[in-house]
Every structure is written in structure tokens, then in C-alpha cells.
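# Overview (structure and organization)
One letter stands for each residue in the lines below.
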Amino acid sequence: MAVIETHELTKRFGSVLAVDRLSLEIEAGAVTAFLGPNGAGKTTTLRMLLGLVQPTGGTATIWGKPYRNLSDPLHRVGAVLEGSGAHPGRTARSHLLIQAMAARVSPSRVDEVLEQTGIAEAGNRLAGGFSLGMRQRLGLATALLPEPDLLILDEPANGLDPEGVRWLRDLLRDLAGQGRTVLVSSHILAEVAQSADRAVILDHGRLVTQASLEELTAAQCQVVRIRTPRADDLQAALTADGAQVVADGHDRITVSGSSPERVATLAAERSIPIFESTTGAMRLEDVFLRLTSAPEAQQESR
């Protein structure tokens, strides 16, 4: 049985359809990346899963039950949705000690998670003076206190420096290696590609795809990456020719569904200079942009 399941999960905020009949499954013992553009419905879905937002329709369950019906949910599910939630006038250590008491966890775990999250030296500092990255680490320490089987993390890399992002990647892989399940939303796609086993992609509140990273990239064709001062003109020509084109800055485009030779021919016919051209396999970023920018996907989500 899947650890997390949603069936036709829907949420409206007035006239805004934030999540639209979302059905998905999250497998046990894996790191699953929860991806989508801003406003795709990721955070709303996570909040419904944790019982913080009431669905308009459908169901969201963890081990076959709504979160509120889980026995001892604090020991089974750890979540970080918006930083640590620590009172700014408390030290990191006192915050964790209070959380340990609430979760009936041995106080000895406090030192363990402070060390595990790399903030042991800041344990006696007030949380109100923490940077965003430090607050993220304190939030993770809080979630890890009861050693939960499932971690739900919303943009945990926000505010982390490059060393912190690498530490987070190693932590997630280590947790999955212990048999724990991690569902993590992120916009740092290059980092997700190094830490996740599977991906769920949303757009406009609807499921675009869910698959292993290998399946996602293997199912896509090769891409041609072009740098040209007339990127808009070349994009228009390629699109009219049936290719899928995604802009990557003002002078770069990524092309799929066409060959390097065809790209060069169309550019030459229009006297469009090409400063750089490379061909290779699709990266996760390419797959993400292709899936979430596809006209058919946008039409289906309306």
C-alpha cells in the first residue's frame, strides 16, 4: 500500500481552483519530489494532506487514513511547511525541548537533532536572530525529533547556502536509505535530480505526471540548446515547424522534437545567427519545462 494517496482531491478558494481532482500515490522508502510552477497547488495539497486545510472534495490519506485519524501522528509524520515555527524569544534548544515533551520524546534527542542538522553551536541562541537557512534547519530538527517514518517538506532548501543544499541532499538520501519516506517540494530542480527517486509534477492544480526520474528522462527525446541574439524569431520558426521550444533567458532556447540539422536549416533560411548549439539528453529542468509549458497540458488544466 502506498504511504500517501489522494483521490480526486480538490480545493477551491472562492473562484480560484487551487487543486483540481488530484489523484496520486507516494511510494514507501523513497524520496519523491513534488514539483510545479508557482501557484501549481503544491503547498495547498500538502496542507490538505496534514489536515490544515479542508478539501472542497476528494480524499487525502496517509497509510490509508486521514492524518487526524492516525495513531500517534507526531511519531509517524514529520513536517516542515514554513520554517521552524519557533517562538523568536526562545532558544533553539528550549524550543526543541518543548517539542520533545509534546511528542513524548526523550530530551536526549534534542542534542542529537541539533547535531544532525548542523546547528549544535547555535543551540543556545534565540530563534528570533536566526537567518532563513538556520530557521529551515531548526524546522527540520523539530520534524526529525520523533524519528518519523514519513517526512513532508515544503521548499526546505529555501535560504540554504550551497553547502547547506548539499547537506540537505545527503540527509534526504540517508533517510531514504533507512527506509523512511520523504515527500519534498522544491524549485531547485538540479538539486532534486540528485536527491529524488521519483517526481510528481503539478500544473494549474492538476497532475501532469508521476514517475521515476529515470522514466521521466528516458521517455523524452534529445534536446538542442541554442544561443542566438534572435531567440524569439528562431523560436517562432521552430514552433511553426512543429518543434517544442522553451525560452531560457533572452538569448537561449531549448528545442525538442527537432534535429540539430533542421534547427540550423531554419536559422540559415532566416539569416538568424547561432552563437552556440549543443545537443544532449533532457535534464530534469528540460522535462519539467516541457511538461508544464505544453499547450495541451494548460488547456486540460482549465
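Here, every reference points to the structure presented above.
What comes next concerns the included structure. (Residues numbered from 1 in each chain as written. Predicted model: local features only at pLDDT ≥ 70, side-chain atom pairs only at ≥ 80, totals over all residues. Heavy atoms only, no water.)

## A short note on the sheet that holds strand β8 (residues 198-203)
- Overall, mixed pairing links the six strands, which are arranged β5-β6-β7-β3-β8-β9 in an open sheet. With partners counted over all chains shown, the strands left at the sheet margins are β5 (77-80) and β9 (206-212), one partner each. Direction aside, neighbouring strands of the sheet carry axes that sit 15° apart on average.
- Here four bridges tie strand β3 (residues 31-35) to strand β7 (residues 181-185), and the two strands are oriented parallel to one another. Of the residues in β7, the one forming a bridge with Ala33 is Val184. (Pairing = 2+ DSSP bridges. Helix = DSSP H or I, 4+ residues; strand = E, 2+ residues; numbered from the N terminus. Axes fitted to C-alpha atoms, helices over the stretch in contact; angles between N-to-C directions.)

## Some points on the sheet that holds strand β4 (residues 57-62)
- The three strands are arranged β2-β1-β4 in an open sheet whose pairing can be described as antiparallel. Each end of this open sheet is capped by a strand with a single partner; those strands are β2 (16-26) and β4. Recorded for the sheet is a direction-independent mean angle of 20° between the axes of neighbouring strands.
- One ladder, built from five bridges, connects strand β1 (residues 4-13) with β4; its direction is antiparallel. From the neighbouring strand, Thr10 faces β4, where its bridge partner is Gly57.
- Each of β1, β2 and β4 is contacted by helix α1 (residues 42-49), which is oriented at about 115° to β1, the strand it contacts most. (Contact = heavy atoms within 4.5 Å.)

## Brief notes about the packing of helix α9 (residues 231-240) against helix α10 (residues 260-269)
- Packing of α9 against α10 leaves a shortest axis separation of 10 Å and a crossing angle of 120°. By the angle class used here, α9 and α10 are oblique. For the element pair α9 and α10, the recorded crossing hand is right-handed. Every residue of α10 that contacts α9 at Leu234, Ala237 and Leu238 is listed here: Val263, Leu266 and Ala267.
- Of the residues in the contact of α9 with α10, the class split is six nonpolar, no polar and no charged. (Parallel < 35°, antiparallel > 145°, perpendicular 65-115°, else oblique. Left-handed = near helix turned anticlockwise from the far one by under 90°. Nonpolar A, V, L, I, M, F, W, Y, C, P; charged D, E, K, R; others polar.)

## Comments concerning the pairing of strand β12 (residues 252-256)
- The element β12 is extensively covered by neighbouring structure, given that four of its five residues are classed as buried.
- In this structure, strand β10 (residues 223-227) lies alongside β12, joined through five bridges in antiparallel fashion. Across the sheet, Arg227 pairs through a bridge with Arg252, a residue of β12.
- Taken together, the four bridges between strand β11 (residues 244-247) and β12 define a ladder with antiparallel strand orientation. Residue pairing across strands places Val245 opposite Val255, the latter belonging to β12.
- In this structure, the hairpin formed by β11 and β12 is closed by a connection of four residues, where Gly249 is found at a positive phi of approximately 95°. (Buried < 20%, exposed > 50% of the residue type's maximum accessible area, 1.4 Å probe, protein only.)

## Describing helix α6 (residues 162-177)
- In a regular helix each residue adds 1.5 Å, so 16 residues correspond to 22 Å; α6 covers 23 Å between its end C-alpha atoms and thus fits that length.
- When α6 is considered as a whole, its buried residues turn out to be Gly164, Val165, Trp167, Leu168, Arg169, Leu171, Leu172, Leu175 and Ala176.
- On its buried side, α6 packs onto β3, α4 (108-116), α5 (132-144), β6 (150-154), β7 and α7 (189-195).
- Where α6 terminates, the next one or two residues include Gly179, which has phi positive at roughly 90°. (Expected span 1.5 Å × (residues − 1).)

## Section: the environment of Ala211
- Residue placement: Ala211 occurs in strand β9.
- If we ignore the near neighbours within four places in the chain, the residues touching Ala211 are Arg198, Ala199 and Leu216.

## Things to note about α9
- Buried within α9 are the following residues: Ala231, Leu234, Ala237 and Leu238. When α9 is viewed along its axis, its buried side chains cluster within an angular range of 130° and face the same direction. Residues Asp232 and Ala240 are exposed on α9 and point more than 90 degrees away from its buried face.
- If you follow the buried residues of α9, they end up packed against β10, β11, β12 and α10. (Arc of directions from axis to C-beta.)

## A few points about the packing of aromatic side chains
- Taken as a whole, this structure holds zero aromatic pairs when the rule is applied.
- One residue, Lys11, lies across the ring of Phe13, its end atom 5.2 Å from the ring centre.
- The positively charged end of Arg76 is found above the aromatic ring belonging to Trp63, 3.8 Å away from the centroid. (Phe/Tyr/Trp six-rings, centres within 6.5 Å; stacked < 30°, edge-to-face > 60°. Lys NZ or Arg CZ within 6 Å of the ring centre and 35° of its normal.)

## Quick notes on the packing of helix α3 (residues 92-102) against α5
- It is the contact of α3 with α5, at a shortest axis distance of 10 Å, that shows an interaxial angle of 25°. The angle between the axes of α3 and α5 places the two elements in the roughly parallel class. Note that α3 runs across α5; the crossing there is right-handed. Along the contact surface, α3 presents Ala92, His95, Leu96 and Gln99, while α5 presents Leu138, Ala141 and Thr142.
- In the contact of α3 with α5, the residues fall into four nonpolar, three polar and no charged.

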